[in-house]
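# A closer look at the structure
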Amino acid sequence: MSQSEKDSKIQLFVSMAPPFLGAGKALQTALGGDPDFVIYGDLGLHLAGQRPIVETHGTMMDLLPSFTMHLYKDQPWLNEILQRSQYETKYDPTTPDGQAFWQKYQQDSSLFFKFFPTPLKKCVSGFTGRREGCFMFIYDALNQNLTSILGKDYGFDYESIMKVLETYSMKTKFYEEYAELRNQSGISWLTNPGVSVALVYYSHLQTPAKLSYNSDPRQMTQDNSYYFPENILETAGDSTVPNYSSLLAGFKWAFEFDQKAQQSAKPVKILEVCSTENTKKPFYDTNFTDQRNDIRSVSYTHLTLPTIYSV
């Protein structure tokens, strides 16, 4: 679609918890089956029944983890995000030292993503799965690992993902299909859509990030027995899609709009479900006389569940 067609026909692209960078759960399914298909170890769909679904499911390739962070490892916008991720772990906003650090941080005029509130602000209340401050909770897929199998770590880089799929996935051709899709599609590059975006995400539940297996998944599933990871390192998300998988695209597109890094870039709204920060309603910036809502700037805001159905 040409840019002129987008400008005339698309007012707003609403993306709901998008797994742009894939999800660890998809890799878990590709290696040893989906635990949601079985209850108490015996009841449900056995792997013999699930295997054909996994092997023929066209969207599996879209949902497998992506090497996107490695594509942009030298970009300043990604470096700022990953640096903040380290700060969120190091500086607790409930301590005097943490408060002093974040107060100084939010005054830094060189930051690209000042629109995203710091942990000094309270973004959630009443959830036990995450801290109440405003955190990005971005899992560092550039420096952390995707999986560990037989004591060997595999990162989120293209070569490591291909090696895991080629050696351990239930379907031996997974790696070929993954390579074909990821090398030909703009998904891995998070190509700017050239339209205004409302990106909805949920960060209140623990979500798989790194899977660890003590045995060879392919060997363990040869007799159609499920094989689930012995250990799962979790990060923030909606229990399926981790924050980094949804948010990274929004941050990249917001940077391209604010910094005028791409001519066709349009504004982005980052909408966190159940957030208590920036409770402006609605999230639109303007309401024209022709009754068309519009967004003109980049910002973070809350989104209540009823609002989702009225955008």
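Scroll up a little and you will see the structure.
This report concerns the structure included in the present document. (Residues numbered from 1 in each chain as written. Predicted model: local features only at pLDDT ≥ 70, side-chain atom pairs only at ≥ 80, totals over all residues. Heavy atoms only, no water.)

Strand order in the open sheet formed by 4 strands is β5-β4-β7-β8, with mixed pairing between adjacent strands. Strands at the two margins of the open sheet, each flanked by one partner only, are β5 (152-155) and β8 (231-237). Adjacent strand axes in the sheet meet at a mean angle of 30 degrees when their direction is disregarded. In this structure, strand β7 (residues 205-213) lies alongside β8, joined through 7 bridges in antiparallel fashion. Note on β8: the bridge partner recorded for L211 is I232. Docked against the sheet, helix α2 (residues 24-32) engages β4 (145-149), β7 and β8, running at close to 40 degrees with respect to β7. (Pairing = 2+ DSSP bridges. Helix = DSSP H or I, 4+ residues; strand = E, 2+ residues; numbered from the N terminus. Axes fitted to C-alpha atoms, helices over the stretch in contact; angles between N-to-C directions. Contact = heavy atoms within 4.5 Å.)

Here the focus is the packing of helix α6 (residues 76-90) against helix α11 (residues 243-258). Taken N-terminus to C-terminus, the directions of α6 and α11 make an angle of 130 degrees; their axes are 10 Å apart at the nearest point. One element, α6, and the other, α11, form an angle in the oblique class. By crossing handedness, the relation of α6 to α11 is classed as right-handed. On the side of α6, the interface is formed by W77, L78 and I81, while α11 contributes L248, F251, K252 and F255. Counted by class, the contact of α6 with α11 contains 6 nonpolar, no polar and 1 charged residues. (Parallel < 35°, antiparallel > 145°, perpendicular 65-115°, else oblique. Left-handed = near helix turned anticlockwise from the far one by under 90°. Nonpolar A, V, L, I, M, F, W, Y, C, P; charged D, E, K, R; others polar.)

With 65 residues, the main nonpolar core has L64, M69, F115, I138, F251 and I270 as its most contacted residues. In terms of residues, this core owes the most to one element, α11, which gives 8 residues. If we ignore the near neighbours within four places in the chain, the residues touching I138 are M69, I81, L82, S85, N243, Y244, L247 and F251. The next biggest cluster of nonpolar side chains, apart from the first, holds 8 residues, and it includes L271, V273, F283 and Y284. (Core = buried A, V, L, I, M, F, W, Y, C linked by side-chain atoms within 4.5 Å. Buried < 20%, exposed > 50% of the residue type's maximum accessible area, 1.4 Å probe, protein only.)

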